[in-house]
Amino acid sequence: MRNFTSVHDIGDLKSALEKAKYVKENPFADQELGKNKTLLLIFFNSSLRTRLSTQKAGLNLGMNVIVLDINQGAWKLETEKGVIMDGDKPEHILEAIPVMGAYCDVIGVRSFAQFEEKAADYNEVILNQFIQYSGKPIFSMEAATRHPLQSFADLITIEEFKKTEKPKVVLTWAPHPRALPQAVPNSFAEWMNATDYQFVITHPEGYELDEKFVANAIVEYDKEKAYKDADFIYAKNWAAYQDPNYGKILSTDRAWTVESKKMALTNNAYFMHCLPVRRNMIVSDEVIDSQQSIVIPEAANRVVSAQVVLKEILLGL
Ligand code: AN0
Ligand code: CP
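Residues numbered from 1 in each chain as written. Chains lettered and ligands numbered in written order. Predicted model: local features only at pLDDT ≥ 70, side-chain atom pairs only at ≥ 80, totals over all residues. Heavy atoms only, no water.

K.L.:
How should helix 3 (residues 93-102) be read in this particular structure?
P.N.:
Since the α-helix advances by 3.6 residues per turn, residues separated by three or four positions end up pointing in the same direction. Considered for burial, the residues of helix 3 that qualify are I93, A96, I97, M100 and G101. Buried residues in helix 3, looked at end-on, bunch into an arc of 130°, giving them a common side. For helix 3, the elements touching its buried residues are strand 1 (38-43), strand 2 (64-69), strand 3 (77-78), strand 4 (91-92), strand 5 (106-110) and helix 5 (125-133). (Buried < 20%, exposed > 50% of the residue type's maximum accessible area, 1.4 Å probe, protein only. Helix = DSSP H or I, 4+ residues; strand = E, 2+ residues; numbered from the N terminus. Arc of directions from axis to C-beta. Contact = heavy atoms within 4.5 Å.)

Here it is as structure tokens:
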């Protein structure tokens, strides 16, 4: 594998899941593979899980790991091409990227949607500049439109907990006070569409995602209908995608909060969320504290997904 930015880079899902099982059971089997190889993790945005789990995955593979928070201690980076740099940004990403590439063998990048220009976000301008100018393999640690390491961990978790061959998996929008990117739901949809599960998306009117990610999923506006007989409820907030409301909050209706009354409609479904989660906005205390909540094993599987991806990249060096 050279770069990892979406489900399309992982190859056959069945074999990816077998690799995940092996890595989970044998976390230190490939210590030699990463020896004297340097992993650089670059964060343009905050992170708890991605930061820790990806470092851990690199360490499990014997790699040296460097973490850089661009906004804390590095020079502020200009990302627009062709501008006169007379503002507050002393360095251009066009120099910064190849410099960072010179110090490492593999680069992970976290760079969220900026909600300034839809085209810039959906063309993945920042991530693609890293691919183009670093000279090194690049993997996404959540970019503008996708969060593939999260979705891969979600898939691993569903496989571990599912009780039927083809579970009903429901992605539900839930309220949140800030405008959040579509990366997690887009990516989750893309990975679920690559499985043979029954996959349903439910959200209020106006929150339709990019068709490219929705693809063959069933979109059900009636949330109670969507919850019915679900095996997994996967909650996430996102801001509107459709024009003219791109990046806007259209609703904070707590009727969409995941709580026991709606969970009672399901087939004793497991509750999932990528975290960080706002309690009693996205999900009630009762549901997230229940036996059916699998958010912690889901987060733990982030080490596994990152380690599979890093291992494949190292094998391709
Ligand atoms: C981010 C998001 O919604 O994309 C990261 C989730 C992994 N969440 C927040 O900013 C709260
Ligand atoms: N789920 C996830 O990516 O969490 P962080 O934003 O804390 O990395």
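K.L.:
Would you take a moment to explain the pairing of strand 1 for this structure?
P.N.:
Here is the key point about a regular strand: its side chains alternate between the two faces of the sheet. Most of strand 1 is tucked away: six of the six residues are buried. Taking the sense of rotation as the criterion, the β-α-β connection linking strand 1, helix 2 (residues 49-60) and strand 2 turns out right-handed. Pairing of strand 1 with strand 5 involves five bridges; the strand directions are parallel. Bridge pairing in strand 5 links I42 to V109. (Right-handed = clockwise from strand over helix to strand, strands pointing away. Pairing = 2+ DSSP bridges.)

K.L.:
What's the story with the site of ligand 2 in this structure? I'm lost.
P.N.:
The immediate surroundings of ligand 2 are formed by S47, L48, R49, T50, R110, H147, Q150, C274, L275 and R302. Between a nitrogen atom of ligand 2 and a main-chain N or O atom of L275, the distance comes to 2.9 Å. Considering ligand 2 on its own, with 250 Å² of exposed area, one finds that the protein chains cover 93% of that surface. Counted by class, the shell around ligand 2 contains three nonpolar, four polar and three charged residues. Each of two domains, domain 1 (7-146 + 302-315) and domain 2 (150-299), supplies a minimum of three residues to the shell around ligand 2. (Near = heavy atom within 4 Å. Polar contact = N/O pair within 3.5 Å; in protein donor to acceptor, adjacent residues only side chain to side chain. Areas by Shrake-Rupley, 256 points an atom, 1.4 Å probe, with all protein chains shown as cover. Nonpolar A, V, L, I, M, F, W, Y, C, P; charged D, E, K, R; others polar. Domains from an automatic or database assignment.)

K.L.:
Help me understand the domain arrangement of the protein, please; the structure alone is not making it clear to me.
P.N.:
It is common to give the size of an interface as the accessible area lost on bringing the parts into contact. Domain boundaries in the protein define domain 1 (7-146 + 302-315) and domain 2 (150-299). Domain 1 and domain 2 are separated by 25 Å when their C-alpha centres are compared. The interface of domain 1 with domain 2 comprises 27 residues on the first partner and 33 residues on the second. Taken over both partners, the interface formed by domain 1 and domain 2 buries close to 2400 Å², and the fraction arising from carbon and sulfur atoms is 65%. Taken as a group, F115, K118 and Y122 account for 29% of the area that domain 1 buries against domain 2, more than any other trio of residues on that side. In this structure, the connection of domain 1 to domain 2 is made through three salt bridges. (Buried area = accessible area lost by both parts, 1.4 Å probe. Salt bridge = Lys/Arg side-chain N within 4 Å of Asp/Glu carboxyl O.)

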